[in-house]
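Descriptive analysis of the structure
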Amino acid sequence: MLRTAYYKKELILVHISENIKNTNLICKICSTSVIPKKGHIKIHHFAHKRKSLCDNWLTNKMTKWHQSWQNICKIDNIEVIIKKNNQKHIADIYNNNLVIEIQHSNISLNDIVDRENFYGNMIWIIDLKNKWDEESGKLIGKERGDIYIQFKDNFIIFNSNYKFFKYMSKPVYLDTDYGILKLIYSFDYGYYLCQKID
């Protein structure tokens, strides 16, 4: 989902939260017409008028958590087009030559490798907010598997069946209800060491 677009003639960047008309808007990456979608169910976004061969990394889903990360950034730093090797992709956040990929759901090993190779200088921020069961100390959610937490000073060790952490070679930060955790080391059998950074 896109939350920014250009006015056709002026190439002025507009955000979905602005009061904009339905006409003269184009996609930042493929330059085809888009329209604002401001309903009551999905997060407000721009949609292509017709099916488009746009960025294949874009999805039709965006969570409020993803939106909250982008909302703390300037409009010029969100959904920035990165061009490299005759390819174009949209970075969730781009600042000072650093791409920040905001990831809510599981992604494949191929997608991880493709993004890390394409962007180069990047970090991952993974959504683990509102998924901790305080009584059991486990992460809940059917796709995530069980995660056990042990606090020792500012360090946490957890075990996860959620495997994509293991394959990320770029820095990984976990956004949890306990704060931001930096993934430091991956052990065997799905154990991970993290440091609390906020």
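Before reading on, note that the structure itself is shown above.
To start, this report covers the structure provided alongside it.

Rules used in this analysis
- Residues numbered from 1 in each chain as written.
- Predicted model: local features only at pLDDT ≥ 70, side-chain atom pairs only at ≥ 80, totals over all residues.
- Heavy atoms only, no water.
- Helix = DSSP H or I, 4+ residues; strand = E, 2+ residues; numbered from the N terminus.
- Polar contact = N/O pair within 3.5 Å; in protein donor to acceptor, adjacent residues only side chain to side chain.
- Salt bridge = Lys/Arg side-chain N within 4 Å of Asp/Glu carboxyl O.
- Buried < 20%, exposed > 50% of the residue type's maximum accessible area, 1.4 Å probe, protein only.
- Arc of directions from axis to C-beta.
- Contact = heavy atoms within 4.5 Å.

**Remarks on the side chain of His89**
Considering the arrangement of structural elements, one finds His89 in strand β7 (residues 87–95). Polar side-chain contacts of His89 include one of 3.4 Å to the side chain of Gln87.

**Observations regarding the pattern of salt bridges**
If you walk through the whole model with that rule in mind, you get one salt bridge. A salt bridge links Glu101 to Arg115, with the nearest nitrogen and oxygen atoms 2.9 Å apart. With Glu101 in strand β8 (residues 98–103) and Arg115 in helix α2 (residues 109–119), the pair connects residues that are 14 residues apart, well separated along the chain. For the pair formed by Glu101 and Arg115, the shared burial category is buried.

**Topic: α2**
Restricting attention to buried positions, one finds in α2 the residues Ile112, Arg115, Glu116, Phe118 and Tyr119. Take α2 and look down its axis: the buried residues cluster within an arc of 165°, on one side only. Facing away from the buried surface of α2 by more than 90 degrees, the exposed residues are Asn110 and Asn117. Contacts made by the buried residues of α2 are with β6 (78–84), β7, β8, β9 (122–128) and α3 (164–167). Downstream of α2 by one or two residues, Gly120 has phi in the positive range, about 70°.

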